[in-house]
Amino acid sequence: MSFIKRLLFLSVINFIDQTMSNFLSEFFIIIPLTFLSYCFYVYRSDKNISALEAFLLGLFFDLISSSYFGLNTIFFCLVAYYLNSNANSFKLFSYLQVCIFFGLSASAYVGFTQLVLNLYNFSYLTLFLSSIVNIIFCFIIAFIAAYFPKSINMKL
Amino acid sequence: MARTVPTTGQKLNFLLILVISILILYFDLSSNNFQNIKNGFKSFKISSYFVLKEITVEPLKSLQNRYKTKSSLIKENEILREKLKLSDLNNFITSKDNIFSKNEEILEDLDKYNFFYDIAKLRSINPNMFKCCDKHRMQIEVIAKDKTDNIEKFVFNKMGIIGQIIYQNKYSEVLLLTDISHSLPIKSESDNFFCNARGSGREGFIICKYNPLVWSEEIIKNQIFYTSGMGGIYPKDIEVGHVTNIEAVNSNEKSLLIKLNASPLDSNIFGVLKN
């Protein structure tokens, strides 16, 4: 996938993410769909993701999501580095472990972004609910991939 | 295929990029240096959206309308709807107990009076940021024949005050009352209590903190608050909202939670006061 395609893909996911979070915020839930998609892309990639690419994608995401510059960049770089370093170890893990890892990563992302963007109204309820929902969400994606391997080729 | 573990050089790259990212985040949080880039991008996004809509959806819509016998009715309906929205704004100006209604000249000669505000249309508001985060902003397009400087002009809708313009380009950025960096000078009806209410970062609420030893007037729940006119941006005596919660932080500080009358999500037509 070329870099431009990745940017376009990120924009589309971000649009869905924003539409969805508008509805989910009523229930104190945040699902960082764009971040999870990026994690999934790094995880599934055959090659290591370079630091520059993670930086540029993060910066672009910061721009389109109207957040502070550097906020998503930090997370994108950290995730890229961690997944690059442990890509082979992940192959030994079960679906359950991988789902929990991604769910907790998403929760950490939610917690950190809330600290920066919403410090005055930081809510543990949102963080707690989001953690549970994110883990369940990862399970659902894994189940879909496992039960419909031919139609949806994104097996975890 | 197995992926190779990052080499020392790649690890250093990540470290370097991470440090740069942290520095960028720090600069963006502590200064407004990236604001122009962000506003430029927002303007581009909004313009692109309207241009795309203009060349894709609008021709289809007009084609559909052409074949409809009721097309003229639709047009008339749209015009009436716009007029209704404007009339709502005028109602706010004349019906509320504020400085405008106290000016008898306006009321006596209502039809001929040229209202001293410009109409503005909502161009963009991020409901996610509005509902979740501390930074509450929206983009509006001021529709005025002459290009005047609208910075620090106050924005209102049919329900009341919304915020003030802080940045002007093709579209104007409005700092909403609920933004944590916004401060609104308010007062009680008796003129014995004054306070600067800050945005709470929550939809529809502002917070007023005061020293009860200095301000002896007893504030009760549901008490209505008005703009004090101090600060020079908002006119005096416009109803802002009512108290929903009173919290004694300590013996020297009390905090009032005030529910605002107006929400920027109520309408997509706004007024921008000229002077």
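The structure reproduced in this document is the subject of the present report. Treat the numbers as computed from the prediction; the structure is a model and nothing was measured.

Looking only at helices and strands, chain A features six helices and zero strands. Start at the N end of chain A and walk to the C end: the helices and strands fall as α-α-α-α-α-α. Scored against the burial criterion, the 156 residues of chain A give a buried share of 48%. For chain A, restricting intrachain contacts to residue pairs at least 6 apart in sequence, the fraction spanning at least 24 positions comes to 64%.

This brings us to the overall build of chain B. Assigned secondary structure in chain B consists of seven helices and 12 strands. Looking at chain B as a whole, 39% of its 275 residues qualify as buried. Excluding contacts between residues fewer than 6 apart, the proportion of contacts in chain B whose partners are at least 24 apart in sequence is 56%. When the accessible area of chain B is evaluated, it comes to approximately 15,600 Å², of which 55% is carbon and sulfur surface.

Residues and elements named next belong to chain B. Tracing the sequence through the fold places T227 in strand 9 (residues 224-227). On the basis of relative accessible area, T227 is assigned to the buried category, the value being 0%. Looking at T227, its side chain comes within polar contact range of the main-chain oxygen of P235, at 2.6 Å. Beyond its immediate sequence surroundings of up to four residues, T227 is in contact with I161, L184, P185, I186, K187, Y234, P235, K236, D237, I238 and V240.

Residues and elements named next belong to chain B. One closed barrel accounts for six strands, arranged 6-7-8-11-10-9; its pairing is antiparallel. Within the sheet, the average angular offset between the axes of one strand and its neighbour, ignoring direction, is 45°. Inspection of the sheet shows strand 6 (residues 183-188) paired to strand 7 (residues 194-199) by five bridges, in the antiparallel sense. Bridged to L184 within strand 7 is A197.

All names here are of chain B. Applying the stated criterion across every chain, the model contains seven salt bridges over all chains. Across the pair E173 and R137 runs a salt bridge whose closest N-O atoms are separated by 3.1 Å. In this pair, E173 sits in strand 5 (residues 172-176) while R137 sits in strand 2 (residues 137-143), placing the two residues 36 residues apart along the sequence. A cluster of three or more residues bridged by salt bridges with shared partners is formed by R137, E173 and D179.

Moving on to the state of the cysteines. On inspection of all chains with the given rule, the structure shows one disulfide over all chains. Across the disulfide from C195 of chain B sits C208 of chain B; the S-S distance is 2.0 Å. Since a negative S-S torsion denotes a left-handed disulfide, the C195 of chain B-C208 of chain B link at about 135° is right-handed. Highlighted residues: C195 of chain B in strand 7 and C208 of chain B in strand 8 (residues 205-210), separated in sequence by 13 residues. In this pair, the class of C195 of chain B matches that of C208 of chain B, namely buried. Looking at the unpaired C39 of chain A, the closest cysteine sulfur is the one in C138 of chain A, lying at 8.6 Å. Free of any disulfide, C99 of chain A has its nearest cysteine sulfur in C138 of chain A, 5.7 Å distant.

Turning our eyes to something else, we now look at a nonpolar patch on the surface. On the surface, L12, L15, V19, L23, Y26 and F27 of chain B cluster together into a nonpolar patch covering about 620 Å² of accessible area. Counting through the fold element by element, L12 of chain B comes out in helix 1 (residues 8-30).

Before going further, it helps to spend a moment on helix 3 (residues 51-64) of chain A. With 14 residues, helix 3 of chain A should cover 20 Å at 1.5 Å per step; its first-to-last C-alpha distance of 20 Å lies within 8% of that length. On its buried face, helix 3 of chain A sits against helix 1 (3-24), helix 2 (33-44), helix 4 (71-90) and helix 5 (95-117) of chain A together with helix 1 and helix 2 (35-55) of chain B.

Glancing now at the sheet that holds strand 12 (residues 269-273) of chain B. All names here are of chain B. Taken in spatial order, the six strands line up as 1-2-5-4-3-12 and close into a barrel, and their pairing is antiparallel. Adjacent strand axes in the sheet meet at a mean angle of 45° when their direction is disregarded. For strand 1 (residues 117-125) and strand 2, the ladder comprises six bridges, and the chain directions are antiparallel. The residue bridging S124 from the neighbouring strand is Q139, located in strand 2.

Let us now look at the interface of chain A and chain B. Taken together, the 44 residues of chain A in the interface contact 38 residues of chain B. Interface area lost by chain A to chain B is led by Y68, F69 and Y81 of chain A, which between them contribute 18%. Our enumeration of links across chain A and chain B arrives at seven residue pairs in polar contact (both at pLDDT 80 or more). Looking at the side of chain A that touches chain B, the elements with two or more residues in it are helix 1, helix 2, helix 3, helix 4 and helix 5 of chain A. A per-element tally of the side of chain A that touches chain B places helix 4 of chain A first, with 12 residues.

Residues and elements named next belong to chain B. Taken across its five residues, strand 12 has five buried, putting it largely inside the fold. Of the two faces of strand 12, the one carrying I269, G271 and L273 and the one carrying F270 and V272 are both buried. Note: strand 3 (residues 154-157) against strand 12, two bridges, orientation antiparallel. When the bridges of strand 12 are listed, V155 appears paired with V272.

What counts, and where the lines are drawn
- Residues numbered from 1 in each chain as written.
- Chains lettered and ligands numbered in written order.
- Predicted model: local features only at pLDDT ≥ 70, side-chain atom pairs only at ≥ 80, totals over all residues.
- Heavy atoms only, no water.
- Helix = DSSP H or I, 4+ residues; strand = E, 2+ residues; numbered from the N terminus.
- Buried < 20%, exposed > 50% of the residue type's maximum accessible area, 1.4 Å probe, protein only.
- Contact = heavy atoms within 4.5 Å.
- Areas by Shrake-Rupley, 256 points an atom, 1.4 Å probe, with all protein chains shown as cover.
- Polar contact = N/O pair within 3.5 Å; in protein donor to acceptor, adjacent residues only side chain to side chain.
- Pairing = 2+ DSSP bridges.
- Axes fitted to C-alpha atoms, helices over the stretch in contact; angles between N-to-C directions.
- Salt bridge = Lys/Arg side-chain N within 4 Å of Asp/Glu carboxyl O.
- Disulfide = S-S within 2.5 Å.
- Patch = residues over 30% accessible without salt bridge, like charges linked within 9 Å, V, L, I, M, F, W, Y side chains within 5 Å.
- Expected span 1.5 Å × (residues − 1).
- Buried area = accessible area lost by both parts, 1.4 Å probe.

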